[in-house]
Amino acid sequence: MAAQNTIELSARDLGLVYNIRRSKKDGGPSFLEALKEVNLDVRKGEFLSIVGPSGCGKSTFLYILAGLIKKTTGAAFIGEEEITGPSLNRGIIMQQYALFPWRTIQKNVEFGLEVKKVPKAERRALAEKYIDLVGLSDFANRYPYELSGGMKQRIAIARALAFDPEVLLMDEPFAAVDEQTRGILHEELLRIWEKTSKTIVFVTHAIDEAIFLSDRVAVMTPSPGTIREIVDVSLPRPRSQEIKSDPEFARLRVKVWQLLQSETAITRAVHTIDEKNVLEVLPNDPGL
């Protein structure tokens, strides 16, 4: 699904500085600059991933977009409206699932609709629709403890979609599941995205995941984090796991890998290898 030209989500010179409390012996308070002059436009209907070294502020940036953390400088917008706090026009999905253990799957998915004061019959129908969309209709009356990790994450996606946000913000949602399940969830997420046309911003450590899912990949610098470069992913859609053997996938993987590296031995090695063999040379998950 091609992204439109309309800008759905944007950041302008966004910065965040933390005040770190220290003892008087250490000289009092000090400051940590987590983000610096982050500028980014996300188009309506686009799937954009953000990658970067650990501690670069990827998740922090996502939480600012969600309205869960207040920025220090600059501004973030959804459409033309400045983001100043949480809102139901943005749904956030985290690694920890965040399902209510005392609610059935049906009632978990209905939660956002209850907050919006949607009538009971309507919210039940909407919840059933999105539980079916993620393929878990047979589990609607189960409780979270009865589901696998991958199933819980699909329910978290259904819950986020049910209240119809304009944007989905996803913070490493598949990091806790095994590799085989992750591959299945990737294809499921793309199927859901193509059906719903939602704008998605997806934070991940995994280069393969970012390339497989995205229209574009934004690469962040080490702390203080900023956008170093945005890589266009022109791989055809719909995508299946077989696309990872495409030479273009390998080329993109090397490009993102190199952007994430400083002048280290592994960077020099990447420069010397033949790109057609890169999938055999580089590890499946650089762990960045």
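Provided above is the structure to which this section pertains.
Residues numbered from 1 in each chain as written. Predicted model: local features only at pLDDT ≥ 70, side-chain atom pairs only at ≥ 80, totals over all residues. Heavy atoms only, no water.

Attention now goes to the overall build of the protein. Looking only at helices and strands, one finds nine helices and 10 strands in the protein. Sequence separation of at least 24 residues holds for 71% of the intrachain contacts in the protein that already meet a minimum separation of 6. Summed over all atoms, the accessible surface of the protein reaches about 13,900 Å², with 50% contributed by carbon and sulfur. (Helix = DSSP H or I, 4+ residues; strand = E, 2+ residues; numbered from the N terminus. Contact = heavy atoms within 4.5 Å. Areas by Shrake-Rupley, 256 points an atom, 1.4 Å probe, with all protein chains shown as cover.)

Further remarks concern the environment of E82. Along the chain, E82 turns up in strand β5 (residues 81-82). By relative accessible area, E82 is classed as partly exposed at 34%. Along the primary structure E82 and L65 are separated by 17 residues, whereas in three dimensions their C-alpha atoms are 9.8 Å apart. When near neighbours in sequence (up to four residues on either side) are disregarded, E82 contacts K71, A75, A76 and F77. (Buried < 20%, exposed > 50% of the residue type's maximum accessible area, 1.4 Å probe, protein only.)

Inspection of the entire model under this criterion finds six aromatic pairs. Where F47 meets F202, the ring centres are 5.8 Å apart and the plane angle is 40°; that geometry is what we call tilted. With a gap of 155 residues between them, F47 in strand β3 (residues 47-51) and F202 in strand β8 (residues 199-203) connect regions that are remote in the sequence. Of the residues examined, F47 reaches a relative accessible area of 0% and is grouped as buried. Under the relative-accessibility criterion, F202 is labelled buried at 0%. Clustering of aromatic rings is evident, with ring pairs tying together F47, F174, W193 and F202. It is R159 that lies over the ring of F100; its NZ or CZ is 5.6 Å from the centre. (Phe/Tyr/Trp six-rings, centres within 6.5 Å; stacked < 30°, edge-to-face > 60°. Lys NZ or Arg CZ within 6 Å of the ring centre and 35° of its normal.)

Next up on the list: the sheet that holds strand β2 (residues 30-43). A sheet is described by the order of its strands in space; here four strands give the open sequence β2-β1-β4-β5, paired in antiparallel fashion. For this open sheet the edge positions go to β2 and β5, each flanked by a neighbour on one side alone. Both strand β1 (residues 7-20) and strand β4 (residues 73-78) contribute to a ladder of five bridges, which runs antiparallel. Among the inter-strand pairings, R12 is bridged to a residue of β4, identified as A75. (Pairing = 2+ DSSP bridges.)

Following both chains from N to C, one finds helix α2 (residues 105-115) and helix α3 (residues 120-133) inclined at 120°, their axes separated by 9 Å at the closest point. In terms of orientation, α2 and α3 fall into the oblique class. Like other packed secondary-structure pairs, α2 and α3 cross with a definite hand, here right-handed. Here I105, Q106, V109, E110, L113 and E114 of α2 lie close against α3, whose contacting residues are R123, R124, L126, A127, E128 and I131. Along the lines of polarity and charge, the residues of the contact of α2 with α3 split into six nonpolar, one polar and five charged. (Axes fitted to C-alpha atoms, helices over the stretch in contact; angles between N-to-C directions. Parallel < 35°, antiparallel > 145°, perpendicular 65-115°, else oblique. Left-handed = near helix turned anticlockwise from the far one by under 90°. Nonpolar A, V, L, I, M, F, W, Y, C, P; charged D, E, K, R; others polar.)

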